[in-house]
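Residue strings, one per chain:
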Amino acid sequence: MKVLSVVGARPQLVKLAPIAAAFAGTDHQHVIVHTGQHYDADLSDVFFSGLGIPDPDVHLGVGSGSHGVQTGAVLAAMDKVLADERPDWVLVYGDTNSTVAGALSAVKMHLPVAHLEAGLRSFNRRMPEEHNRVLTDHCADLLLAPTEEAVRHLANEGLSERTRLAGDVMVDICLRIRDAVLAGEHPAPALPEGIDPDEPFLLATLHRPDNTDDPARLAAIVESLAALPVPVALLAHPRLVARAEEHGIKLTQGSVHTSRPLPYAGLVAAVMASSGVVTDSGGLQKETFLLERACTTIRPETEWVETLEGGWNVLAPNPHEMAADEWAKLATRPAPSTERGTPYGDGTAARRVVELLEEAHRG
Ligand code: UD1
């Protein structure tokens, strides 16, 4: 069986790592196509080297652009790749522009498509990711759902027959790296200057267009972080840096200390060293849950609803509209002591994905 993975953005490289490792132990051929949606070394190369992923077989080099330009560039470039490779499966990951373009290009070439992390829904039509995941699910042949909740969403949309519960491959990689960090196999993470890893600090990230692209909102959120009573290590995504510069918003202010994004092992180690996380990232909400820290999410909703149970994750869509002491109390609360269960699976999802692809390929 020949499987062609289409990836392009940072979270997809994290998911690719356990999948590539699972294929490495089989006779199947695994071809990696990098669209080039993310191209900065700290959003792309460090994930290949740091997570032991083989170099991409094909690099499309599409880069940044508006949604139409970026998605269209991937679509246009994929035709030749798929015609040359003729894989048995095109495997697409998550919900980025690279995901929907990869899926659509394969469908147009009559190639079977599998969607990893199928069935997630925010029901927020303002999010580009929501269009991407709904469209990808409806054009894919095999829907690899990470959770029971995702299975239910797909059933509600009439997609049960194509759906299989695979578990979440991010658990595989997150727990593997956690164990390596605990075993001292990774150097201490490069935290922003001004953060003492031996003292309580919060780890923060912010990159959703809804939070970064409106200058007044971005300024207010950064001020809310700056006013917190503990130091905040803000790992700044290039989109955040670009928007802040454009609008003259200073990111390093008050409690906030800023640095570039971390490689994956550094991020896991930083979460483990932190007293809690404030974020609008999907992946980080789940990683924080898996690493047993409290997460505060600056969004009105989450796709990862399981993290909300027992208060491990709390939504705070508008921290700047909360009373300062309430916001501080929420963001700095300790991790709950409630049992969490394993809603995302047991860390063997990548192997299950390979089995499900084999099974569906045999027909
Ligand atoms: C993308 C995904 C989002 C995912 C995120 C993870 C879409 C619609 N969005 O958002 O779902 O959560 O990746 O990081 O696919 N830039 C750089 N260097 C890079 C890449 C981007 O400087 O290597 C800057 C550019 O200014 C670019 C901006 O970041 O315009 C946004 O990049 P883009 O890939 O369009 O979206 P993300 O915000 O990264």
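Residues numbered from 1 in each chain as written. Predicted model: local features only at pLDDT ≥ 70, side-chain atom pairs only at ≥ 80, totals over all residues. Heavy atoms only, no water.

If you check an unreviewed UniProt entry, the protein appears there as UDP-N-acetylglucosamine 2-epimerase (Non-hydrolyzing) from Streptomyces albipurpureus. Quoted verbatim from the Sequence similarities (unreviewed entry) heading of the UniProt record, the comment on the protein is "Belongs to the UDP-N-acetylglucosamine 2-epimerase family." (UniProt positions renumbered as here; feature names shortened; annotations may be inferred.)

Caption draft 1: Local environment of the packing of aromatic side chains. Throughout the structure, instances matching the rule amount to three aromatic pairs. Pairing F289 with Y344 gives two aromatic rings, centres 5.7 Å apart and planes at 90°, and the pair type is edge-to-face. Within this pair, whereas F289 is found in helix α12 (residues 282-290), its partner Y344 is found in the loop between α13 (324-331) and α14 (349-362), the two being separated by 55 residues in sequence. The pair F289 / Y344 is uniform in exposure class, with both members buried. Both rings, one in W304 and one in Y344, keep their centres 5.6 Å apart while their planes meet at 75°; by these two values the pair is edge-to-face. (Phe/Tyr/Trp six-rings, centres within 6.5 Å; stacked < 30°, edge-to-face > 60°. Helix = DSSP H or I, 4+ residues; strand = E, 2+ residues; numbered from the N terminus. Buried < 20%, exposed > 50% of the residue type's maximum accessible area, 1.4 Å probe, protein only.)

Caption draft 2: Molecular detail of the site of the ligand. Surrounding the ligand, one finds 20 residues, the nearest of these being H38, Y39, N97, E129 and R239. Here an oxygen atom of the ligand sits 2.8 Å away from a polar atom, N or O, in the main chain of D40. Here an oxygen atom of the ligand and a side-chain polar atom of R239 are 2.7 Å apart. Compared with its free state, where it exposes 740 Å², the ligand has 88% of that area covered by protein. Counting atoms within 2 Å of the grid points, the majority share of the ligand lands in the largest pocket. Of all the elements in the fold, those that place two or more residues in the shell around the ligand are α1 (10-24), α3 (67-85), α5 (128-139) and α10 (238-246). Residue classes in the shell around the ligand are distributed as six nonpolar, nine polar and five charged. Residue assignment places the shell around the ligand across two domains, with domain 1 (2-168 + 345-362) and domain 2 (185-331) each supplying three or more. (Near = heavy atom within 4 Å. Polar contact = N/O pair within 3.5 Å; in protein donor to acceptor, adjacent residues only side chain to side chain. Areas by Shrake-Rupley, 256 points an atom, 1.4 Å probe, with all protein chains shown as cover. 1 Å grid on protein atoms, 1.4 Å probe; cavity = no way out; pocket = protein on both sides within 12 Å on 5 of 7 lines; lining within 4 Å. Sits in = over half its atoms within 2 Å of the grid points. Nonpolar A, V, L, I, M, F, W, Y, C, P; charged D, E, K, R; others polar. Domains from an automatic or database assignment.)

Caption draft 3: Just the layout of surface pockets, in detail. The calculated volume of the largest pocket comes to roughly 1100 Å³. Lining the largest pocket we find 47 residues, and of these A9, P11, H38, H207 and H237 sit closest to its centre. Taken together, the elements giving at least two residues each to the lining of the largest pocket come down to α1, α3, α5, α10, α11 (264-273) and α12. Split into classes, the residues belonging to the lining of the largest pocket amount to 19 nonpolar, 16 polar and twelve charged. Shared between two domains, the lining of the largest pocket takes at least three residues from each, and those domains are domain 1 (2-168 + 345-362) and domain 2 (185-331). (Points joined across faces, edges and corners; volume = space filled by probe spheres on them.)

Caption draft 4: Here's a closer look at the sheet that holds strand β2 (residues 29-34). Strands sit in the order β3-β2-β1-β4-β5-β6-β7 across an open sheet of seven strands; the sheet is parallel. At either margin of the open sheet sits one strand with a lone partner, and together these are β3 (58-59) and β7 (163-165). In the sheet, strand β1 (residues 2-7) pairs with β2 via six bridges, with the strands oriented parallel. Bridging across to β2, K2 finds its partner in Q29. Together, β1, β4 (89-93) and β5 (113-116) form the strand contacts of helix α4 (residues 97-108), whose direction differs from that of β4 by roughly 160°. (Pairing = 2+ DSSP bridges. Contact = heavy atoms within 4.5 Å. Axes fitted to C-alpha atoms, helices over the stretch in contact; angles between N-to-C directions.)

Caption draft 5: Seen up close, the pairing of strand β10 (residues 256-259). As judged from the four bridges shared by strand β9 (residues 232-235) and β10, these two strands associate in the parallel manner. Residue A233 lies in a different strand from β10, and its bridge partner there is H257.

Caption draft 6: α14, seen in detail. Taking 1.5 Å of rise per residue, 14 residues should cover 20 Å, and α14 covers 20 Å from first to last C-alpha, within 8% of that figure. Within the span of α14, buried status applies to A349, A350, V353, V354, L356 and L357. On an axial view of α14, the arc spanned by its buried residues comes to 165°, and they lie on one face. For α14, exposure combined with an orientation more than 90 degrees from the buried face picks out R351 and R362. Taken from the residues just after α14, G363 is the one with a positive phi, measuring 85°. (Expected span 1.5 Å × (residues − 1). Arc of directions from axis to C-beta.)

Caption draft 7: Geometry of the domain arrangement of the protein. The assigned domain composition of the protein is domain 1 (2-168 + 345-362) and domain 2 (185-331). Placing a centre on the C-alpha atoms of domain 1 and another on those of domain 2 gives a separation of 27 Å. On the domain 2 side, the residues contacting the 22 residues of domain 1 number 18 residues. For the pairing of domain 1 and domain 2, the buried interface totals around 1700 Å² over both sides, and the portion due to carbon and sulfur atoms is 55%. The interface formed by domain 1 and domain 2 includes seven residue pairs in polar contact (both at pLDDT 80 or more). For the side of domain 1 that touches domain 2, the elements supplying multiple residues, two or more each, are α1, α2 (45-51) and α5. Ranked by the residues each element gives to the side of domain 1 that touches domain 2, the list is headed by α2, at three residues. Residues that form the side of domain 1 that touches domain 2 fall into these classes: eight nonpolar, four polar and ten charged. (Buried area = accessible area lost by both parts, 1.4 Å probe.)

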